[in-house]
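Below are the chains, spelled out letter by letter.
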Amino acid sequence: DSGVTQTPKHLITATGQRVTLRCSPRSGDLSVYWYQQSLDQGLQFLIQYYNGEERAKGNILERFSAQQFPDLHSELNLSSLELGDSALYFCASSKKRSDTDTQYFGPGTRLTVL
Amino acid sequence: GQNIDQPTEMTATEGAIVQINCTYQTSGFNGLFWYQQHAGEAPTFLSYNVLDGLEEKGRFSSFLSRSKGYSYLLLKELQMKDSASYLCAASHTTDSWGKLQFGAGTQVVVTP
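Below, the structure is looked at part by part.

About the cut-offs
- Residues numbered from 1 in each chain as written.
- Chains lettered and ligands numbered in written order.
- Predicted model: local features only at pLDDT ≥ 70, side-chain atom pairs only at ≥ 80, totals over all residues.
- Heavy atoms only, no water.
- Helix = DSSP H or I, 4+ residues; strand = E, 2+ residues; numbered from the N terminus.
- Rg over C-alpha atoms; globule rule 2.2 N^0.38 Å.
- Buried < 20%, exposed > 50% of the residue type's maximum accessible area, 1.4 Å probe, protein only.
- Contact = heavy atoms within 4.5 Å.
- Areas by Shrake-Rupley, 256 points an atom, 1.4 Å probe, with all protein chains shown as cover.
- Lys, Arg positive; Asp, Glu negative; His and termini not counted.
- Charge placed at Lys NZ, Arg CZ, Asp CG, Glu CD.
- Buried area = accessible area lost by both parts, 1.4 Å probe.
- Salt bridge = Lys/Arg side-chain N within 4 Å of Asp/Glu carboxyl O.
- Polar contact = N/O pair within 3.5 Å; in protein donor to acceptor, adjacent residues only side chain to side chain.
- 1 Å grid on protein atoms, 1.4 Å probe; cavity = no way out; pocket = protein on both sides within 12 Å on 5 of 7 lines; lining within 4 Å.
- Points joined across faces, edges and corners; volume = space filled by probe spheres on them.
- Nonpolar A, V, L, I, M, F, W, Y, C, P; charged D, E, K, R; others polar.
- Pairing = 2+ DSSP bridges.
- Axes fitted to C-alpha atoms, helices over the stretch in contact; angles between N-to-C directions.

## Description of the overall build of chain A
Part 1: In terms of helices and strands, chain A carries zero helices and eleven strands.
Part 2: Of the regular secondary structure in chain A, the N- to C-terminal order runs β-β-β-β-β-β-β-β-β-β-β.
Part 3: For 114 residues, the compact-globule estimate of 2.2 N^0.38 gives 13 Å, and the C-alpha radius of gyration of chain A, at 13 Å, lies within 12% of that figure.
Part 4: With the C-alpha coordinates aligned to their principal axes, the bounding extent of chain A is approximately 40 × 25 × 25 Å.
Part 5: A buried classification covers 53% of the 114 residues belonging to chain A.
Part 6: Partitioning the intrachain contacts of chain A with sequence separation of at least 6 by distance along the chain shows that 56% fall at a separation of at least 24.
Part 7: Carbon and sulfur atoms make up 46% of the accessible area of chain A, which amounts to about 5,400 Å² in all.
Part 8: Side-chain charges of chain A comprise 11 positive and 12 negative groups, with the mean position of each set lying 3 Å from the other.

So this is what it looks like as C-alpha cells:
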C-alpha cells in the first residue's frame, strides 16, 4: 500500500459523458501527478500540481482538466468522453519535485467508455 | 520530449538472472528511476540512481552511467512473482519541474 488513494476503482460510462476521478496523496506529499495508461501503452504524463498550483503539463487533452484543493487532494475531470479515453488513470504523489523525489502511485481508476 | 528506450520483452527461467537495459538522453539529465508494474496494478518504486555506479537492494540491483546515458536493472534469483513490466523513467532539468519521462516498459516473463 503506497498510501495514495484513488476513487472510484472502476468507472463505466457512455460516450459524451463527463466523469471525475479523485486522488488523495500520501500524508505530507505536496505534489500530485496524473497519468493515463491505455492498453499496450506506457504511462503518459498528463499534469502535475504542487501545493494547489499547476506546475507541469503533458499531453493532456483540452477536454480534460484537473485541480488540487487546499487539503491537497486532487480531481481529474474528463468530459465529452470518447471510446479512446478508456484507460487506467493513475495518480501519484511525491514530497515536492519529481526529479529527486520518488513518486508513489495509487491503485488507479479503470475507466471504460462504451 | 526525452526518448527513453528499453526492450519490449525478455524471457528467463526461474532462478536465473535477467538484465534490463535502458538508454536516455544525457542532456540535462538528473536521475533515473525504476518501477515494477504487474498487469492492471500500480507501478511500485524499485530504485533511484543519480550517481554513477551500482546500487544493490536484495535481489534487485540498478546501475547508472551518466556519461553514456545508460542504466540497467538486474534481477537475480528470478521468481515467478517477478513476471511483470519494468519501467525505466528519467528526469531532466530541461523539463519543467523535472517531470519524469517513462519508457514503454520491458515485460519480463519468468518460466518454470
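Further notes follow.
## Some remarks on the interface of chain B and chain A
Part 1: Counting from both sides, the interface comprises 19 residues of chain B and, opposite them, 26 residues of chain A.
Part 2: At the boundary of chain B with chain A, total buried surface from both sides reaches about 1,800 Å², with 60% on carbon and sulfur atoms.
Part 3: Between chain B and chain A we count zero salt bridges in total.
Part 4: Joining chain B to chain A, the criterion identifies two residue pairs in polar contact (both at pLDDT 80 or more).

## Concerning the layout of surface pockets
Part 1: Volume-wise, the second largest pocket comes out at about 290 Å³.
Part 2: Lining the second largest pocket are 17 residues, with A:Ser2, A:Phe105, B:Ala42, B:Pro43 and B:Thr44 positioned closest to its centre.
Part 3: Contributing elements (two or more residues each) for the lining of the second largest pocket: strand S10 (104-105) of chain A together with strand S4 (29-37) and strand S5 (44-49) of chain B.
Part 4: In terms of residue count, the dominant contributor to the lining of the second largest pocket is S4(B) (three residues).
Part 5: Of the residues assigned to the lining of the second largest pocket, the class counts are eight nonpolar, seven polar and two charged.

## Let's talk about unusual backbone geometry
Part 1: The amide bond that connects A:Thr7 to the next residue, A:Pro8, takes the cis arrangement and shows omega of -10°.
Part 2: With respect to the secondary-structure elements, A:Pro8 resides in the loop between strand S1 (5-7) and strand S2 (10-13).

## Some points on the sheet that holds S1(A)
All names here are of chain A.
Part 1: If you walk across this open sheet you meet the four strands as S1-S3-S8-S7, and the pairing is antiparallel. Since the sheet does not close on itself, it has two edges, and those belong to S1 and strand S7 (64-68), each with one partner. Direction aside, neighbouring strands of the sheet carry axes that sit 15° apart on average.
Part 2: Across three bridges, the pairing between S1 and strand S3 (residues 19-24) is antiparallel. Bridge pairing in S3 places Thr-5 opposite Ser-24.

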